[in-house]
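The lines below spell out each chain.
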Amino acid sequence: MDVTARWLRTVAICAALALGSASSAATRQGDSNASPDPATSAATAIDEFIRAEMSRRALPGVAVAVTYGGYVLSVAGYGRDSSNRPVTGSTPFYLGSTSKAFTGVALMQLVEAGQIELDAPVQRYLPEFKLADQRAGSITVRHLLNHTSGMWEVGIRQWSLPQPDSLATAVARLRRARLATEPGTTHNYFNPNYATAARLVEVISGRPFDDYMRTQVFLPLGMTETRTVDFVDERRHGIARGHVYAFGHAFIAPGGPFFINGAGGIATTATDMSKWLIAQANGGRAANGSQLLSSQALRETHTPSAASRGYAFGWNVANNGRISHSGGLPTYSSYVAFFENGDGVVVLCPCGDSNAPRDMALGILSLRKGLSPPANSAPLLPRIDLVAGLLLAGNWAFTAWKLTRTRKWATTPRPWWRIAVGFVCYAATAIAVLIALPMLLGRVVPWSWLWLAYYYPVETGLLLSLALTSVLILVVRIGSLMKAGTRAAPAQ
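Residues numbered from 1 in each chain as written. Predicted model: local features only at pLDDT ≥ 70, side-chain atom pairs only at ≥ 80, totals over all residues. Heavy atoms only, no water.

Visitor: Honestly, the sheet that holds strand E3 (residues 93-94) in this entry has me stumped. Any pointers?
Guide: Strand order in the open sheet made by the three strands is E3-E7-E4, with antiparallel pairing throughout. Looking along the sheet, the strands with just one partner apiece sit at the ends: E3 and strand E4 (227-228). Taken together, the two bridges between E4 and strand E7 (residues 266-268) define a ladder with antiparallel strand orientation. Bridge pairing links Arg-227 to Ala-267 in E7. (Pairing = 2+ DSSP bridges. Helix = DSSP H or I, 4+ residues; strand = E, 2+ residues; numbered from the N terminus.)

Right, dumping it as structure tokens:
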């Protein structure tokens, strides 16, 4: 059955339910005769919108789930994955940071069980949690979940360091970290907060994180195709490789050696994520009737603190009631959004452009309300790539021209200061790119050359090309001067 047919089937199903029909392809907790939101006439418009966005953004494939309250209205796949298999609701994807809310729920379950307190110091339960900062003792569990712990990229450049291989080693690596701000005062989004939170789940429950999540979160919700992972390992997990973008086109690429568990390490399907949406929008009650959390505890996970700037337990909570989060890995991305007792949507993409699933999800929510999707300008990155590509080609052309003139340059007398200035410029360019730029950017954004290459491959190529060609010209010219035995003429 093609995707359009699925959406049209949804229209028929919802209309039948509104008339009291007993047959239903939607899933409802509790009363199977209750009627979902009748505003489903936008199904065809949603389908057309998704296809148009895929074409505009050159997306190879996406999977989408749409819910309303306790109903799954539709789960559909579009396009193909990198193995040329059709994308369906059962196609597995890596989530990225939309995994954080699962870690938040796991810890909240332990709170409800009386095994941990949200406002107690992390070190009470996790003595191994130590930083190169005495203020670490005042970081609470809630601070981790709201990203108000005071840890940030300026305190430890996590992407440039050797990657951990477990939650325990991820926490141990923080021993060299210094706090950027006082705990509990400022929201600084920092993935190790959630690696630490996941390690708390392991230590307090006495079980591996994957085992706890599978038995206490995934299976109770009926999420049978969902798992936690430490790294993106497509072959091991049976998931097709994702894509990176350059010049507006998607290129197949491996996922990268970044440790992601706790903060971004869930692999799942759109079908399973629809079950997650239902529990989130319905007070913690799953479609199969199981209670993941009490409604009061779930509400706590949707309640930001004063310092967290609308962030809580892996969710961004907007003033209009929309609860959402985006997820981005180098080759996969996702977006999840819902309103309590209302519309919900998840969009999964096998690409590193996290703007794509967000814009598609917000457009779907607008269409569900009978509104036009928000206007989105054409993606800017392809144009930046074009400029960077032209500069890259021009740099190598300039370098080739310089190198062909090396012998003539070396045998032409000139003032010594002109030679020195040229050498300093070439050396400064290489130092700026290879040393100064990483130091400066590492203070405000996650940084490593590999990270940059995944998200901005053309721009990374340009930067490295500038450094390489500067060193190349410098070395060749010094060698030519030595070979020619030319002395600089004194300045006149």
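Visitor: Is there a simple way to think about the pairing of strand E5 (residues 242-246) in this case?
Guide: Remember that side chains alternate between the two faces of the sheet whenever the strand is regular. Across the five residues of E5, five count as buried, placing the element largely inside the fold. Residue alternation in E5 divides its side chains into two sets, Gly-242, Val-244 and Ala-246 and His-243 and Tyr-245, and both sets are buried. In the sheet, E5 pairs with strand E6 (residues 249-253) via five bridges, with the strands oriented antiparallel. From the neighbouring strand, Val-244 faces E6, where its bridge partner is Phe-251. Between E5 and E6, which follow one another and run antiparallel, lie two residues, and Phe-247 among them has a positive phi close to 55 degrees. (Buried < 20%, exposed > 50% of the residue type's maximum accessible area, 1.4 Å probe, protein only.)

Visitor: Whenever I open this one, the pattern of salt bridges confuses me. Can you help?
Guide: Taken as a whole and judged by the stated rule, the model has 19 salt bridges. Arg-57 serves as the salt-bridge partner of Glu-53, at 3.1 Å between the closest nitrogen and oxygen. One end of the pair, Glu-53, and the other, Arg-57, are both in helix H2 (residues 43-57), four residues apart, so they sit about a helical turn from each other. We note that Glu-53, like Arg-57, is buried. The shortest N-O distance in the salt bridge between Glu-128 and Arg-199 comes to 3.0 Å. Of this pair, Glu-128 sits in the loop between helix H4 (122-125) and helix H5 (141-145) while Arg-199 is found in helix H7 (residues 192-205), placing the two residues 71 residues apart along the sequence. By relative accessible area, which is 25% here, Glu-128 ends up partly exposed. What you see here is one network of salt bridges that share partners, running through Glu-53, Arg-56, Arg-57, Asp-353, Arg-358 and Asp-359. (Salt bridge = Lys/Arg side-chain N within 4 Å of Asp/Glu carboxyl O.)

Don't take any of this as a statement about function, it's just geometry.
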